[in-house]
Amino acid sequence: MQDIAIAKSNPRDHYKTKEAHMCIRRLIFGIAIAFSAIWSGSAGAETHSAASPGGAIQVVVTDENGRAAYSVSFNGEQVIAPSMLGLLFRDHHGFDRDLAIVAVDETTVNESWEQPWGERRIVNSHYNELAVDFSSSEGPERSMTVRFRVFNDGIGFRYEIDKQRALRKSVNIIDELTQFAVGENATAWWIPSGEFNRYEYIYSKTPAGDVQDAHTPITFRTETGVHLSIHEAALVDYSGMSLQRLRPGNFKAQLSPWSDGVRVKTEAPFKSPWRTIQIADDAAGLINSDLILNLNEPNALGDVSWVEPGKYVGIWWAMHIRDRSWGNDLIHGATTEETKRYIDFAAEHGFKGVLVEGWNIGWDGDWFNNGALFSFTESYPDFDLEELGAYAQSKGVRVIGHHETSGDVSNYESQLGAGFDLYEANGVAAVKTGYVADAGQIERVAENGLKRYEWHDGQFMVDHHLHVVKEAAKRKISINAHEPVKDTGLRRTYPNWVTREGARGMEFNAWGSPPNPPEHEAILAFTRMLSGPMDFTPGIFDLEPNKRPPLREDMQRSDPSNRPQTTLAKQLALYVVLYSPLQMAADLPENYEEKMDAFQFIKDVPADWEESVALNGEVGEYVTIARKERGGEDWYLGALTDEEPRSLEVALDFLDEGKSYVAQFYRDGPDADWESNPYEIMIYERPVSRDETLVLPLASSGGAAVRFKAVSE
Ligand code: NOJ
Ligand code: CA
């Protein structure tokens with residue numbers, strides 16, 4: 001009734017009526033327009049809106065001037081000004097203009113689901129959905145749906161393109177027109193996109209108006225203090241999205257191109273990943289959001305009880321500080337004897353895994369540029385995988401595998417099955433992969449047999465990573481990808497994709513000039529970590545490794561100013577702040593043996609959680625996170641600060657009611673300072689109650705780690 005009236009008053013009247021007859025679904029949905037259509041000022045434009053369940057977030061969608069556009073407000077303040085939507089194709093008409101809303105559909109979902117492992121076991125997903133169908137009035141008939149989901153912690157929307165005559169055969173997307181008009185005066189924390197070093201950059205803090213191009217997640221704070229994080233969810237068979245400046249503070253989606261310039265190669269029907277905007281009234285609210293996971297599909301692997309979170313040690317830091325080498329040409333790290341030393345250490349201190357890098361042929365010489373030489377089945381002669389696999393398992397430990405590809409993906413894929421089979425046969429349940437090659441240097445052999453070079457975040461690598469994860473799952477192996485494509489929450493669908501790198505990790509403190517600055521982890525918590533777990537590899541206890549004399553003259557250490565710029569207590573806090581279900585104790589066993597009192601926290605802290613809550617924080621300044629262990633009663637807390645010493649007040653009301661706790665503190669000593677006195681640490685315990693507020697003094701680039709041990713009365 002009313003929808004017909006709308007159609008009549010609309011200049012695109014004829015088209016709409018025709019469209020409505022085309023399909024019964026459309027006709028039914030047409031009635032829905034009567035409920036949610038709001039007439040905007042502009043003649044003929046149609047506008048629809050959806051609000052979050054709590055009402056704070058509102059999304060408005062319109063076809064004004066024949067363009068698809070949306071805007072977002074939070075508590076009445078516009079946080080995304082009207083921003084365009086659309087797609088362009090190489091060989092077909094696109095969705096950029098002459099568009100009209102022809103139907104909408106609304107639903108509400110409120111459900112909870114359980115994570116096999118994660119920051120919290122039970123996740124609530126509560127949203128209002130608005131699916132808006134746009135059709136074109138010029139050129140061949142074509143239609144797209146833009147589906148919005150509005151949660152209390154932000155929004156997601158994606159393009160859904162049905163099979164249709166106008167998009168027959170292969171579809172080459174050459175541009176995505178999605179815009180995010182944040183405004184130039186917001187503050188942004190970001191890393192550049194399209195650079196050689198992928199996501200491994202020091203974060204910048206600038207006005208949004210100064211950002212030219214940036215990877216996601218990117219975090220903004222508006223002038224009124226609202227926090228936003230723009231990212232994407234469920235990146236499958238598509239290219240990664242970064243943000244490109246259109247005008248100061250107004251960004252456009254930029255899809256990472258294939259080597260031939262096409263952005264995405266697909267065919268209808270297809271769906272884009274979700275474009276996400278997390279919204280919170282404070283910085284900690286961003287961390288407490290489950291939006292990215294909620295927009296991913298449920299577990300596709302069935303029983304995943306074989307995916308085991310846990311802590312590990314490994315033959316790793318020794319190479320980064322140049323004590324040892326990956327290859328057999330200097331002091332080979334991955335020998336049978338040295339691996340046994342790590343296995344013994346792991347068994348003695350309760351670690352589940354021992355990562356072994358440099359065990360396989362291919363590392364000698366310039367491995368960085370010779371990915372084709374890697375074998376994933378042949379060991380160096382001084383490394384016996386079979387013996388070590390059995391030795392580890394006899395001690396309740398497993399070898400963690402390593403597949404460095406140096407970007408030669410075709411070489412890796414040709415050996416993938418055999419490489420995983422070998423590991424499976426030797427009790428390896430987790431494999432770290434690696435793609436150290438400059439962005440744009442990922443090698444593949446194209447259909448015509450010629451070599452092509454692809455980006456780390458392009459569709460080719462998106463597909464490759466998922467292929468690896470699926471092949472690994474067939475052998476009950478979990479994947480920890482380094483130099484990966486960014487995380488978009490696919491761990492929900494593929495729970496064996498446990499963790500990844502995808503930012504500057506600890507390794508930069510061994511050889512990076514400059515190393516990670518004191519504010520680094522206080523930025524990561526509010527940026528990179530919003531996308532998912534990170535294999536940061538915390539827990540360095542010798543904070544000045546490059547000051548030690550080299551073991552051999554031809555193995556010169558890096559510049560002594562390259563070091564973790566933190567206190568010892570902050571290294572412990574990282575275990576709680578930077579979530580990863582595979583969490584490394586990254587330093588050498590001998591360095592832990594010197595500080596067993598502080599090491600106790602690393603031994604105790606779990607890698608899997610029942611619940612997590614960010615208690616306070618400001619991006620790049622400080623953060624406090626509390627987490628409750630899964631399968632137990634204890635809570636853990638990590639707090640850390642940038643170079644600014646500060647005292648944080650933390651109310652303990654997150655502790656369970658009716659329980660008694662003894663808190664074990666690992667805090668910066670009164671004179672601790674990352675630069676001049678990093679090791680001063682106070683370790684003590686006392687009973688605490690959930691009614692009290694702790695005051696945690698943190699040194700310059702310091703931290704605090706606390707275990708709240710539940711005690712029976
Ligand atoms: C870079 C990874 O991030 C690091 O952890 C690894 O040790 C090296 N590549 C060698 O694969
Ligand atoms: Ca790396």
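Predicted, not measured: the structure shown is a model, and the values here were computed from it.

A. Representation of the side chain of Ser193 in the model. When you line up the elements, Ser193 lands in the loop between strand S13 (187-190) and strand S14 (204-207). You can call Ser193 buried: its relative accessible area is 4%. Those residues in contact with Ser193, other than ones at most four positions away along the chain, are Asp213, Ala214, His215, Ser242, Leu243 and Gln254.

B. The arrangement of the nonpolar core in detail. Ranked by size, the top nonpolar core spans 174 residues in total, and within it Val72, Phe220 and Ile277 carry the most contacts. When residues of this core are assigned to their parent elements, the largest contribution, 8 residues, is made by helix H10 (residues 459-474). Looking at which domains feed residues into this core, each of domain 1 (5-294) and domain 2 (511-534 + 554-574 + 599-713) gives three or more. Ignoring anything within four residues of it in the chain, the contact list for Val72 reads Ile57, Gln58, Val59, Glu77, Gln78, Val79, Ile80, Ile155, Ile277 and Ile279. Listed in part, the 20 residues of the second largest apolar core include Ala639, Leu652, Phe665 and Val688.

C. Broad picture of the pattern of salt bridges. Using the criterion set out here, one finds 47 salt bridges in the structure. The closest approach of N and O atoms between Lys486 and Glu232, which form a salt bridge, is 2.8 Å. Residue Lys486 is found in the loop between strand S29 (478-481) and strand S30 (497-500), and its partner Glu232 is found in strand S17 (residues 227-233); the two are separated by 254 residues along the sequence. Residue classification places Glu232 among the buried residues on the basis of a relative accessible area of 0%. Across the salt bridge formed by Arg646 and Asp642, the nearest N and O atoms sit 2.8 Å from each other. As far as burial versus exposure is concerned, Arg646 and Asp642 are alike and both buried. Taken together, the shared-partner salt bridges connect Glu129, Arg147, Arg149, Arg158 and Glu160 into one network.

D. The packing of aromatic side chains, seen in detail. In this structure the tally under the stated criterion is 32 aromatic pairs. Arranged with centres 4.8 Å apart and planes meeting at 55°, the rings of Phe376 and Tyr412 form a pair that is tilted. Within this pair, whereas Phe376 is found in the loop between strand S24 (353-356) and helix H8 (385-394), its partner Tyr412 is found in helix H9 (residues 409-425), the two being separated by 36 residues in sequence. Its relative accessible area of 0% is what places Phe376 among the buried residues. A relative accessible area of 0% places Tyr412 in the buried class. A connected cluster of aromatic rings, assembled from ring pairs, spans Trp326, Trp363, Trp367, Phe368, Phe374, Phe376 and Tyr412. For the cation-ring pair, Arg142 lies above Phe95, with the distance from its terminal atom to the ring centre recorded as 6.0 Å. The residue whose ring lies beneath Lys265 is Trp258, and the NZ or CZ to ring-centre distance is 4.6 Å.

E. Looking closely at the coordination of the calcium ion (ligand 2). The calcium ion (ligand 2) binds to the protein through Glu200 (OE), Glu483 (OE), Glu501 (OE), Glu501 (OE) and Glu507 (OE), with metal-donor distances spanning 2.3 to 2.9 Å. Angles of 52 to 152° at the metal separate the 6 donor atoms of the calcium ion (ligand 2), which places the site in the irregular class. Along the chain, the residues donating to the calcium ion (ligand 2) are arranged with the sequence spacing E-x282-E-x17-E-x5-E. With a gap of 307 residues between them, Glu200 in the loop between S13 and S14 and Glu507 in the loop between S30 and helix H11 (508-511) connect regions that are remote in the sequence. Owing to a relative accessible area of 9%, Glu507 belongs among the buried residues under this scheme.

F. Inspection of the pairing of strand S5 (residues 77-84) at higher detail. Taken together, the 5 bridges between strand S4 (residues 69-74) and S5 define a ladder with antiparallel strand orientation. Along S5, the bridge assignment pairs Ala69 with Met84. The hairpin formed by S4 and S5 contains 2 residues between the paired strands, and Asn75 there has a positive phi angle of roughly 50°.

G. Region of the structure containing the packing of helix H7 (residues 336-349) against H8. Between H7 and H8, the least distance of the axes is 10 Å, while the angle of their chain directions is 15°. The orientation of H7 relative to H8 falls into the category roughly parallel. Between H7 and H8 lies a crossing of right-handed hand. Of the residues in H8, those in contact with Thr336, Thr339, Lys340, Ile343 and Asp344 of H7 are Glu387, Leu388, Tyr391 and Ala392.

H. Just helix H15 (residues 596-604), in detail. Residues of H15 that are buried: Ala598, Phe599, Phe601 and Ile602. Projection of H15 onto a plane perpendicular to its axis shows the buried side chains occupying an angular sector of 140°, all on one side.

I. Structural detail: the domain arrangement of the protein chain. What the domain assignment lists for the protein chain is domain 1 (5-294) and domain 2 (511-534 + 554-574 + 599-713). Centre-to-centre separation of domain 1 and domain 2, based on C-alpha positions: 36 Å. Contacts between domain 1 and domain 2 engage 23 residues on the former and 28 residues on the latter. Counting the contacts that link domain 1 with domain 2 gives 3 salt bridges. Across the pair Arg221 and Glu618 runs a salt bridge, and its minimum N-O distance is 3.9 Å. Put simply, domain 1 and domain 2 have 10 residue pairs in polar contact (both at pLDDT 80 or more) between them. Of all the secondary-structure elements, those providing two or more residues to the side of domain 1 that touches domain 2 are strand S16 (218-221), S17 and helix H4 (283-287).

The rules we used
- Residues numbered from 1 in each chain as written.
- Chains lettered and ligands numbered in written order.
- Predicted model: local features only at pLDDT ≥ 70, side-chain atom pairs only at ≥ 80, totals over all residues.
- Heavy atoms only, no water.
- Helix = DSSP H or I, 4+ residues; strand = E, 2+ residues; numbered from the N terminus.
- Buried < 20%, exposed > 50% of the residue type's maximum accessible area, 1.4 Å probe, protein only.
- Contact = heavy atoms within 4.5 Å.
- Core = buried A, V, L, I, M, F, W, Y, C linked by side-chain atoms within 4.5 Å.
- Domains from an automatic or database assignment.
- Salt bridge = Lys/Arg side-chain N within 4 Å of Asp/Glu carboxyl O.
- Phe/Tyr/Trp six-rings, centres within 6.5 Å; stacked < 30°, edge-to-face > 60°.
- Lys NZ or Arg CZ within 6 Å of the ring centre and 35° of its normal.
- Donors = N, O, S within 2.8 Å, 3.2 Å for Na, K, Ca; no water.
- Tetrahedral: all angles 85-135°; square planar, octahedral: opposite > 155°, others 65-115°.
- Pairing = 2+ DSSP bridges.
- Axes fitted to C-alpha atoms, helices over the stretch in contact; angles between N-to-C directions.
- Parallel < 35°, antiparallel > 145°, perpendicular 65-115°, else oblique.
- Left-handed = near helix turned anticlockwise from the far one by under 90°.
- Arc of directions from axis to C-beta.
- Polar contact = N/O pair within 3.5 Å; in protein donor to acceptor, adjacent residues only side chain to side chain.

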